[in-house]
Amino acid sequence: MSTGFDTGTFSPDPGAGSRGRMLAVHTRTETLLALRHSEQLLLTLVIPLALLIGLTLLQGLVELPEPRVNAALGTVLALAMMSTGFTSQAIALGFDRRYGLMRRLAATAIPRWLVVTGRLGGMAAVVVIQVVVLGGVALALGWRPDAGSLGWALLLVVLGAGAFGACGLLLGGSVRADLVLVIANVVWFVLLFVGGIVVPADQLPGALGSLVMLLPSGALAEGLRDVLLGGTPGLGHVVVLLVWGVVAGLVAGRTLKWD
Amino acid sequence: MSAEPAVEVHDLVVRYSTTTAVDGLDLELRHGRVLALLGPNGAGKTTTVEVCEGFRSRTAGAVRVLGQDPAGAPESLRARIGVMPQGGGAYPMVRVREMLDLVAACSAHPLDTGWLIETLGLESCAKLPYKRLSGGQQQRLSLACAIVGRPELVFLDEPTSSLDPQGRHLVWDLVRALRTDGVAVLLTTHFMQEAEALADDVVIVDHGRVVAAGSPEELTTSGAEDTMRFRAPPGMDLTLLEGVLPEGYLSKEGPPGHYTVSGRIDPQVLAAVTAWCARQGVLADDVRVGRRSLEDVFLDLTGRELRS
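Residues numbered from 1 in each chain as written. Chains lettered and ligands numbered in written order. Predicted model: local features only at pLDDT ≥ 70, side-chain atom pairs only at ≥ 80, totals over all residues. Heavy atoms only, no water.

Here we come to the overall build of chain A. Each helix and strand counted, chain A has 10 helices and zero strands in total. For chain A, buried positions account for 51% of its 259 residues. Carbon together with sulfur atoms contributes 71% to the accessible area of chain A, which is approximately 11000 Å² in total. In chain A, which carries 16 positive and 13 negative side-chain charges, the distance between the mean positions of the two groups comes to 10 Å. (Helix = DSSP H or I, 4+ residues; strand = E, 2+ residues; numbered from the N terminus. Buried < 20%, exposed > 50% of the residue type's maximum accessible area, 1.4 Å probe, protein only. Areas by Shrake-Rupley, 256 points an atom, 1.4 Å probe, with all protein chains shown as cover. Lys, Arg positive; Asp, Glu negative; His and termini not counted. Charge placed at Lys NZ, Arg CZ, Asp CG, Glu CD.)

Right, dumping it as structure tokens:
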């Protein structure tokens, strides 16, 4: 019987591709997918943008120290990191698992650490876009950064993205996709309002104020507002973010399900 | 190509907490051959394949895949095999071409992805997100991902279960071409026709054990009785027919007018039956001499009750 395929078409010639190319293509795919998802874009870019403008221009909304735009930028950068690192990442991973992606990748020569690196790379690309867009709009609203506060802010952004990213991988890699969707959105909503992001910790009632400083949301938002208003970040904020990142990362590495 | 088999499984046992999925299974697949693992649902086919791919750990037994122990799916092995899992295998929002490019990037010398997309009839949906593809399109993409890296050995777990007849024949042609080019193929299937059409070796499993193994030819001829079927007016007296046949042949009328003679059907027996019909003044119509099909063998071995 004629097969319609030339002899030798499928002659074996196996071997692993170069690590660099795997990482590049995987990161590119992750970035494309993150940008294609319109709900995720809403979550990661449009909501922080609206909040930045609202908090800066509407005086009565939340009590913020002057210059308002500096404090508002800290707030929305923290929100953006939570959206990208935690909520989007967790939901994407949950559904990728449901659709058998991890199984597919596990069957190729791609090393597992590279799968995680590629995901973080895609996340980093979104973070860069968020920082550029939010920073640009803040400049237009009158933000005048100095080199010192800018450096501290970028360090906190990286630590915050890492801490939220690790928590996102932990959630998305361990439970059913539909459950991930619910938990990730509820946590986002709760932390936004009573996690120290929109409402500063010192305006929260009672013990809640000191409690949220131990959460990545509170630590990141307070730390960013401090440095953007000209201060230095409290060591406590940095430690809180590091501990969340490392602990959640380690647990995620152990619990991440490949199917 | 080495003389060592591509896959060698000896006395494989896989136990889950309460059940034994595979219970002392042996199989051997040589380079450039196609082995079909045939069995009812829950027979242990997928478990066996997953052990060979390195995704599932075994309780006992020896397994060598391309000369290596597959346990833990070492990278050195994954680079040499192609895997088509049962269902799924992509980002829900990824486009066909992006997914195939990603998998191709994991290989040193991949096939041309554009050509593969065209060959597998995926051009028309190359820009659709994965979750919008039909079951058959998803399955064809999964097959493309399995072979794009030019593997030496391919595992296909029910490769045609969601395909239409055209798609099925395309996949069959492709498996034949893989075999011609020296790729070893281990496939699982429910379709007897598929095993008969493609496999050099068939291993029938049930309850985690091998119940029969051999070439399709060996399985369908060994110990099997031939049958001769024909149609004629209903109500013929078959005791007269058995009188003209050698000892040990049986004849019966199934549905009215449908007659079956069973025993070893050679040219003499065939002639005797048609001559007898002629003497009755009847034309034996729709005469068919049938050996057992693989399906008959399968059902005889694994029973006819439905599996959950």
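Read on, since the account is not over.
What follows concerns the overall build of chain B. Counting secondary structure elements, chain B contains 11 helices and 13 strands. In chain B, which comprises 308 residues, the proportion classed as buried is 54%. Long-range pairs, those at least 24 residues apart, make up 67% of the contacts in chain B with a sequence separation of at least 6. Counting every atom, chain B has about 13400 Å² of accessible surface; 48% of that belongs to carbon and sulfur. Of note, chain B has its 30 positive side-chain charges centred 5 Å away from the centre of its 41 negative side-chain charges. (Contact = heavy atoms within 4.5 Å.)

Turning next to the packing of aromatic side chains. A full pass over the atoms with the stated rule returns six aromatic pairs over all chains. For the pair Phe230 of chain B and Tyr259 of chain B, a centre-to-centre distance of 5.3 Å together with 20 degrees between the ring planes defines the contact as stacked. On the criterion of sequence distance, the pair formed by Phe230 of chain B in strand S10 (residues 227–231) and Tyr259 of chain B in strand S12 (residues 258–262) is long-range, its members being 29 residues apart. An aromatic cluster is defined as three or more aromatic residues linked by ring pairs; in this entry it consists of Phe5 and Phe10 of chain A together with Trp115 of chain B. (Phe/Tyr/Trp six-rings, centres within 6.5 Å; stacked < 30°, edge-to-face > 60°.)

A word on the interface of chain A and chain B. If you look at the interface, chain A gives 42 residues, while chain B gives 49 residues. When chain A packs against chain B, close to 4100 Å² is buried across both sides, 63% of that on carbon and sulfur atoms. Of all residues in chain A, Phe10, Tyr99 and Arg104 of chain A bury the most surface against chain B, accounting for 20% of the area lost on that side. The interface formed by chain A and chain B holds three salt bridges in total. Close ionic contact of Glu50 of chain B with Arg103 of chain A constitutes a salt bridge, the shortest N to O distance being 3.0 Å. Our enumeration of links across chain A and chain B arrives at 20 residue pairs in polar contact (both at pLDDT 80 or more). Counting residues per element, the ones that place at least two in the side of chain A that touches chain B are helix H1 (19–36), helix H3 (68–98) and helix H4 (101–106) of chain A. If one sorts the elements of the side of chain A that touches chain B by residue count, H1 of chain A sits on top with 10 residues. Looking at the side of chain A that touches chain B residue by residue, the classes come out as 19 nonpolar, 13 polar and 10 charged. (Buried area = accessible area lost by both parts, 1.4 Å probe. Salt bridge = Lys/Arg side-chain N within 4 Å of Asp/Glu carboxyl O. Polar contact = N/O pair within 3.5 Å; in protein donor to acceptor, adjacent residues only side chain to side chain. Nonpolar A, V, L, I, M, F, W, Y, C, P; charged D, E, K, R; others polar.)

All right, on to the sheet that holds strand S8 (residues 201–206) of chain B then. All names here are of chain B. A sheet is described by the order of its strands in space; here six strands give the open sequence S5-S6-S7-S3-S8-S9, paired in mixed fashion. Edge positions in the sheet fall to strand S5 (81–84) and strand S9 (209–214), since each of these pairs with one other strand and no more. Looking at each pair of strands side by side, their axes are set apart by 15 degrees on average, direction ignored. The sheet contact formed by strand S6 (residues 153–157) and strand S7 (residues 184–189) spans five bridges and is parallel. Bridge pairing in S7 places Val154 opposite Val185. Against the sheet, helix H5 (residues 135–147) contacts S5 and S6, and its axis sits at roughly 170 degrees relative to S5. (Pairing = 2+ DSSP bridges. Axes fitted to C-alpha atoms, helices over the stretch in contact; angles between N-to-C directions.)

All names here are of chain A. Viewed as axis vectors pointing N to C, H1 and helix H5 (residues 112–140) meet at an angle of 45 degrees, and their least axial separation amounts to 8 Å. One element, H1, and the other, H5, form an angle in the oblique class. Here the hand of the crossing between H1 and H5 comes out right-handed. Along the contact surface, H1 presents Arg19, Met22, Leu23, His26, Thr27, Glu30, Thr31, Ala34 and Leu35, while H5 presents Trp113, Leu114, Val115, Thr117, Gly118, Arg119, Gly121, Gly122, Ala125, Val126 and Ile129. Its residues assigned to classes, the contact of H1 with H5 comprises 10 nonpolar, seven polar and three charged. (Parallel < 35°, antiparallel > 145°, perpendicular 65-115°, else oblique. Left-handed = near helix turned anticlockwise from the far one by under 90°.)

The next subject is the domain arrangement of chain B. The domain architecture assigned to chain B consists of domain 1 (7–221) and domain 2 (227–290). For domain 1 of chain B versus domain 2 of chain B, the distance between C-alpha centres works out to 45 Å. (Domains from an automatic or database assignment.)

This next bit is on empty space enclosed by the protein. Taken as a whole, this structure holds three cavities of 30 Å³ or more when the rule is applied. Each pocket or cavity is described by its volume, and for the largest cavity that value is around 140 Å³. Taken together, 18 residues form the lining of the largest cavity, with Thr108 of chain A together with Arg78, Ile81, Ser107 and Gly149 of chain B sitting closest to its centre. Breaking the lining of the largest cavity down by element, the ones donating at least two residues are S5 and H5 of chain B. Ranked by the residues each element gives to the lining of the largest cavity, the list is headed by S5 of chain B, at three residues. (1 Å grid on protein atoms, 1.4 Å probe; cavity = no way out; pocket = protein on both sides within 12 Å on 5 of 7 lines; lining within 4 Å. Points joined across faces, edges and corners; volume = space filled by probe spheres on them.)

To continue, consider the sheet that holds strand S1 (residues 7–15) of chain B. All names here are of chain B. If you walk across this open sheet you meet the three strands as S2-S1-S4, and the pairing is antiparallel. The outermost strands of the open sheet, each flanked by one partner alone, are strand S2 (20–29) and strand S4 (60–65). If you compare each strand with its neighbour and ignore which way they point, the axes differ by 20 degrees on average. The pairing of S1 with S4 spans five bridges and is classified as antiparallel. Directly across from Glu8, in S4, lies its bridge partner Arg64. Helix H1 (residues 45–53) rests against S1, S2 and S4 of the sheet, and its axis sits at about 120 degrees to S1.

Here the focus is the pairing of S10 of chain B. All names here are of chain B. Across five bridges, S10 lies against S12 in antiparallel orientation. Bridge pairing in S12 links Met228 to Val261. As paired strands, S10 and strand S13 (residues 285–290) are joined by four bridges and run antiparallel to one another. The residue bridging Arg229 from the neighbouring strand is Arg288, located in S13.

All names here are of chain A. Between helix H2 (residues 38–57) and H3, whose axes approach to 9 Å, the crossing angle comes to 165 degrees. One way to sum up the angle between H2 and H3 is to call them roughly antiparallel. When you trace H2 past H3, the crossing you get is right-handed. Among the residues forming the contact of H2 with H3, the class breakdown is 13 nonpolar, eight polar and one charged.

All names here are of chain B. A large share of S7 lies buried, amounting to six of its six residues. A two-sided burial pattern is seen for S7, the buried positions comprising Ala184, Leu186 and Thr188 on one face and Val185, Leu187 and Thr189 on the other. Across five bridges, the pairing between strand S3 (residues 34–38) and S7 is parallel. Note on S7: the bridge partner recorded for Val34 is Val185. The parallel pair S6 and S7, bridged by helix H6 (residues 165–180), forms a crossover whose chirality is right-handed. (Right-handed = clockwise from strand over helix to strand, strands pointing away.)

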